[in-house]
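Single-letter residue listing:
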Amino acid sequence: MNKQSQIKAIRGMNDILPLDSALWQHVETVCADVFRQFGYQQIRTPLVESTQLFARSIGAETDIVSKEMYTFEDRNGDSLTLRPEGTASTVRAGIENGLFYNQQQRLWYQGPMFRHERPQKGRYRQFHQVGLECYGWNTPDIEAEVLSLVAQLFDRLGLKDTELQINSLGDDTARANYRDALVAYLSQHRDALDEDSVRRLTTNPLRILDSKNAEVQALLGDAPNILTFLSDSSAQHFETLQTYLTDLGIAFRINSRLVRGLDYYNDTVFEWVNKDFGAQSTVCGGGRYDGLVAQLGGQSTPAFGFGMGLERLIQILQEQGAESANQTGFTDVFIVSVGEAARRQALILQRDLIQAGLAVNCHQGAGSMKNQFKRADKSGATLALVIGEQEAQDVTASVKPLRRPKSTSQAPLEQQTIAQNDVVNVVTNLLESL
Ligand code: HAM
């Protein structure tokens, strides 16, 4: 028979395997908990939106829209796109469901995003973000609150060595004036620019500030600085944010070349960067986007938020020594059974113990007693419940402690045989005492 060719995952789209999913769940739980503590509510939007939504919000000249979107026609001939980020969808949903007008909202979301980028460490084509968006505040206090939340989150997760960089892009006038000044400066040095930067000179000049090219970077040393273009009120806003951050004890660095890759920002932008991780070092990025709600057809509403890449965050945590999988404490009881009568009793005992709130792994399929005990031990269970042929006949079970998760007492772990009717009581008490 011909062996069928093996179907592989799409390049840049990863499976999250059981050994890693414990850490993923831990990170997701901590995020949800910190968001709850700060008063944020979850919003869930579809993975697919009309293509126009992203073109009109992220910006037609950005890398995301011009070359990275997964866009396709559906069966009706409508142009749809797999969401490359969460902000545009949140704004769309907020307008459509009347969440913004005369209201303040603290929202968060999580889920897969899609960008057809060149995959490398920390950069994938399907990746996961948790993100957060606030609507209805135009003041820097909400920005300080959000950054305080991120600091708290990193602290709870034990993430180390991650630097907060902040910048202000000012209002539309400041950005337009700055763009002109930057283009004028770089045009004088056109010969030193690479092909990509020359193209951006006309399409999206601020993105040249992000260039990885060393020659371009050297040139940028003497380029005009956006912070000198800010209006008085933007400068004051940025100053006040810094005061709040200092009050909170959150260290930050002003990076006047930080512009972000999406067009909707104004005033405050920020990134949390982990330098040790490599080229894709931004764990979390965001900023203010006061114009977007109106741009997408809603009533003008100030907005601020961030997106955080879970793959990067989790890989950094792993590199910093976080446990991949925490097997111990995962299973309370492992049920070993031999023979058909025992198997039937085992299924019932498993159901009863789970109803009592315990985590119970019941051996299924063939397997010698010795083999089952090996599995029991590997499962990390605290107790084994053994139903051999004799126990099945007597309607009893042997309880055998395998380890002591809590106490430090060295007294021997003794096996006892009890009636199956007493199993839930005895096991629950024993688990308390070990
Ligand atoms: P972004 O900077 O495009 O912003 O993405 C936010 C974060 O998502 C990045 O800092 C990174 O951690 C992660 N990320 C982005 N692309 C990839 C990728 N290809 N592979 C792995 N991780 C990736 C936004 O998406 C904005 N919506 C953030 C925002 C919300 N601004 C205001 N509100």
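No experiment lies behind these values; they were computed from the predicted model shown.

Chemist: Please set out the pairing of strand 11 (residues 303-309) residue by residue, giving values where relevant.
Modeler: The buried count for strand 11 comes to seven of seven residues, which makes it a mostly enclosed element. Here strand 11 shows no split at all, with Ala303, Gly305, Gly307 and Gly309 on one side and Phe304, Phe306 and Met308 on the other all buried. The sheet contact formed by strand 6 (residues 126-135) and strand 11 spans seven bridges and is antiparallel. For Tyr135, the partnering residue across the bridge sits in strand 11 and is Ala303. Judged from the five bridges that link them, strand 10 (residues 282-288) and strand 11 form a sheet pairing that is antiparallel. Across the sheet, residue Gly286 finds its bridge partner in strand 11, namely Phe306.

Chemist: Describe the site of the ligand, naming the residues involved and giving the relevant values.
Modeler: Every one of the 26 residues lining the ligand counts as a neighbour, but Glu85, Thr87, Glu117, Glu133 and Tyr265 are closest to it. One nitrogen or oxygen atom from the side chain of Glu117 is found 2.6 Å from a nitrogen atom belonging to the ligand. Glu133 places a polar side-chain atom, nitrogen or oxygen, 2.7 Å from a nitrogen atom of the ligand. The set of elements that each furnish at least two residues to the shell around the ligand consists of strand 6, strand 10 and strand 11. By residue number, the principal contributor to the shell around the ligand is strand 10, which donates six residues.

Chemist: Mind laying out the layout of surface pockets, listing which residues take part and the relevant values?
Modeler: Considering only enclosed or pocket space, the second largest pocket measures out at about 450 Å³ in volume. Sorting the residues of the lining of the second largest pocket by element identifies helix 6 (172-188) and strand 9 (266-273) as the ones contributing at least two each. Ranked by the residues each element gives to the lining of the second largest pocket, the list is headed by helix 6, at three residues. Looking at the lining of the second largest pocket residue by residue, the classes come out as seven nonpolar, seven polar and nine charged.

Chemist: Residues and numbers for the environment of Arg190, please.
Modeler: Examined against the element boundaries, Arg190 turns out to sit in the loop between helix 6 and helix 7 (195-203). What makes Arg190 partly exposed here is its relative accessible area of 45%. Sequence-wise, Arg190 and Gly367 are 177 residues apart; in three dimensions their C-alpha atoms are separated by 74 Å. In this view, Arg190 contacts Val198 and Leu201; residues no more than four positions away in its chain are not counted.

Chemist: Which residues make up the side chain of Glu271, and what are the values?
Modeler: Along the chain, Glu271 turns up in strand 9. Aside from chain neighbours lying at most four places away, what touches Glu271 is Glu163, Leu164, Gln165, Leu258, Arg260, Thr282, Cys284 and Gly285.

Chemist: Would you mind going over the sheet that holds strand 4 (residues 79-82) in detail, with residue names and values included?
Modeler: Ordered by their spatial adjacency, three strands build an open sheet running 2-4-3, and the pairing between neighbours is antiparallel. Two strands in the sheet have a free side with no partner beyond their single neighbour: strand 2 (48-50) and strand 3 (70-73). Taken over all neighbouring pairs, the strand axes of this sheet differ in orientation by 35° on average, direction set aside. Of the pairings in the sheet, the one linking strand 3 to strand 4 comprises four bridges and is antiparallel in character. Within strand 4, the position partnered with Phe72 by the bridge is Leu80. Across the sheet, helix 2 (residues 51-58) lies against strand 2, strand 3 and strand 4, angled at about 75° from strand 2, the strand it touches most.

So, how was this worked out
- Residues numbered from 1 in each chain as written.
- Predicted model: local features only at pLDDT ≥ 70, side-chain atom pairs only at ≥ 80, totals over all residues.
- Heavy atoms only, no water.
- Buried < 20%, exposed > 50% of the residue type's maximum accessible area, 1.4 Å probe, protein only.
- Helix = DSSP H or I, 4+ residues; strand = E, 2+ residues; numbered from the N terminus.
- Pairing = 2+ DSSP bridges.
- Near = heavy atom within 4 Å.
- Polar contact = N/O pair within 3.5 Å; in protein donor to acceptor, adjacent residues only side chain to side chain.
- 1 Å grid on protein atoms, 1.4 Å probe; cavity = no way out; pocket = protein on both sides within 12 Å on 5 of 7 lines; lining within 4 Å.
- Points joined across faces, edges and corners; volume = space filled by probe spheres on them.
- Nonpolar A, V, L, I, M, F, W, Y, C, P; charged D, E, K, R; others polar.
- Contact = heavy atoms within 4.5 Å.
- Axes fitted to C-alpha atoms, helices over the stretch in contact; angles between N-to-C directions.

On their own, these measurements won't tell you what the molecule is for.
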